[in-house]
Amino acid sequence: MTEQAIPVFYGDSPRVRLVPVDRPWAWLAAGWRDVMAAPGVSLAYGALMVALTYLLLILLLQVGVFWLVLPMTAGFFFLAPLMAVGLYETSRRLAAGEPVSLGAAFGAYRRNAVQLSYMGAILGLFHLGWIRIATLIFAVFFGLGFNPNWDNLVIRLAQPDAIPFWAVGTAVGAVFAALVFAISAVSIPMLLDRDVNVFVAVATSFTAVRRNWPAMMLWAGLIVAFTAFGIIPLFLGLAVTMPLIGHATWHAYRDVVA
């Protein structure tokens, strides 16, 4: 890691360090060490996120909108940075030599509750916007009269003529995901760790991504890959991959922001 650091604003402000392109692998290694240092807290936290995911799936099935599973699963990337606040707190406590517990993890929001709430509102708006646009894309390609259930949805989306739908949906989702990543890559750990407001945290995150874009592209790809690995086995893998990425994100923040 280079010692050069770039100020986010003029004057006294957070500074962004420049890191080599392969630095995300070190973040992952540090994240795994945190998982191993506090396996009970980390894995229990991940298991609870899986349980909440299944509760949401059951709710969607009960109200007859199971087709929303696809855009909401994609939208998981938008909300996951906020959902991992307890993991950032666990990593912070491990680094400071403080005791860790599930209670401390779930109470982490109290460290900067107002600003974290603002950040949650921003990410929630992105998520709602994505759901709305994904619904419109679905309607454009399949028509307003198509009322899918689980069986005919899977069959329909597996047809060759659904390829344009997948292409457009993936492209639009990638734009949303890139924007969310840019504003949240280090902003939420920063809000947890420092007495700053959401505007400073978002600006710092955007600057960190812009000035370290090769490393951050690799980091974003690793996040997508590990999250996908967690989702594929019916979301069960998130019990491990979410804590890993959450702890690693804390180390990415500590590495990049001076």
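Residues numbered from 1 in each chain as written. Predicted model: local features only at pLDDT ≥ 70, side-chain atom pairs only at ≥ 80, totals over all residues. Heavy atoms only, no water.

1. Quick notes on the overall build of the chain
Next up, step 1: In terms of regular secondary structure, the chain is built from 13 helices and two strands.
Next up, step 2: Over its C-alpha trace the chain gives a radius of gyration of 19 Å, about what one expects of a compact globule, namely 18 Å for 258 residues.
Next up, step 3: In terms of its C-alpha atoms, the chain occupies a principal-axis envelope of roughly 55 × 40 × 35 Å.
Next up, step 4: Taking all 258 residues of the chain together, 47% fall into the buried category.
Next up, step 5: Within the chain, residue pairs in contact and separated by at least 24 positions form 73% of the contacts whose partners lie at least 6 positions apart.
Next up, step 6: Looking at the chain as shown, the accessible area adds up to about 12600 Å², and 71% of this sits on carbon and sulfur atoms.
Next up, step 7: Distance between charge centroids for the chain: 4 Å, based on 14 positive and 11 negative side chains. (Helix = DSSP H or I, 4+ residues; strand = E, 2+ residues; numbered from the N terminus. Rg over C-alpha atoms; globule rule 2.2 N^0.38 Å. Buried < 20%, exposed > 50% of the residue type's maximum accessible area, 1.4 Å probe, protein only. Contact = heavy atoms within 4.5 Å. Areas by Shrake-Rupley, 256 points an atom, 1.4 Å probe, with all protein chains shown as cover. Lys, Arg positive; Asp, Glu negative; His and termini not counted. Charge placed at Lys NZ, Arg CZ, Asp CG, Glu CD.)

2. Examining the packing of aromatic side chains
Next up, step 1: Summed over the entire model, instances satisfying the criterion amount to 13 aromatic pairs.
Next up, step 2: Ring geometry for Y45 and F106: centres 5.1 Å apart, planes at 15 degrees, overall stacked. One end of the pair, Y45, is in helix 2 (residues 39–62); the other, F106, is in helix 6 (residues 102–106), with 61 residues separating them in the sequence.
Next up, step 3: Taking relative accessible area as the criterion, F106 reaches 38% and is therefore assigned partly exposed.
Next up, step 4: When the centroid spacing of 5.9 Å and the interplanar angle of 85 degrees are considered together, the rings of F138 and F165 count as edge-to-face. Here F138 is found in helix 7 (residues 113–142), whereas its partner F165 is found in helix 9 (residues 163–184), with 27 residues between them in sequence. As far as burial versus exposure is concerned, F138 and F165 are alike and both buried.
Next up, step 5: Grouping aromatic residues by their ring pairs yields a cluster made of F138, F141, F142, F165 and W166. (Phe/Tyr/Trp six-rings, centres within 6.5 Å; stacked < 30°, edge-to-face > 60°.)

3. Comments concerning the side chain of D34
Next up, step 1: Here D34 is to be found in helix 1 (residues 23–37).
Next up, step 2: Nearest to the buried, unbridged D34 among oppositely charged side chains is R33, at 6.2 Å.
Next up, step 3: Side-chain polar atoms of D34 contact the side chain of S91, separated by 2.7 Å.
Next up, step 4: Contacts of D34, omitting those with residues within four sequence positions, involve S42, S91, L94, H247 and H251. (Salt bridge = Lys/Arg side-chain N within 4 Å of Asp/Glu carboxyl O. Polar contact = N/O pair within 3.5 Å; in protein donor to acceptor, adjacent residues only side chain to side chain.)

4. Here we look at unusual backbone geometry
The general pattern is negative phi for most residues beyond glycine and trans for most peptide bonds.
Next up, step 1: Positive phi is not limited to glycine here, since L234 has a value of about 55 degrees.
Next up, step 2: Locating L234 in the fold gives a position in the loop between helix 12 (213–231) and helix 13 (238–256).
Next up, step 3: Since its relative accessible area comes to 60%, L234 is described here as exposed.
Next up, step 4: Although it is not a glycine, F235 adopts a positive phi angle of roughly 75 degrees.
Next up, step 5: Tracing the sequence through the fold places F235 in the loop between helix 12 and helix 13.

5. Here we look at the packing of helix 4 (residues 76–83) against helix 9
Between two packed helices, the angle of one axis relative to the other and the distance separating the axes together describe the packing.
Next up, step 1: It is the contact of helix 4 with helix 9, at a shortest axis distance of 9 Å, that shows an interaxial angle of 15 degrees. Put simply, helix 4 runs roughly parallel to helix 9. Along this stretch, helix 4 crosses helix 9, giving a crossing that reads as right-handed. For the pair formed by helix 4 and helix 9, the contact residues are F77, F78 and P81 on the first element and G173, F176, A177, V180 and S184 on the second. (Axes fitted to C-alpha atoms, helices over the stretch in contact; angles between N-to-C directions. Parallel < 35°, antiparallel > 145°, perpendicular 65-115°, else oblique. Left-handed = near helix turned anticlockwise from the far one by under 90°.)

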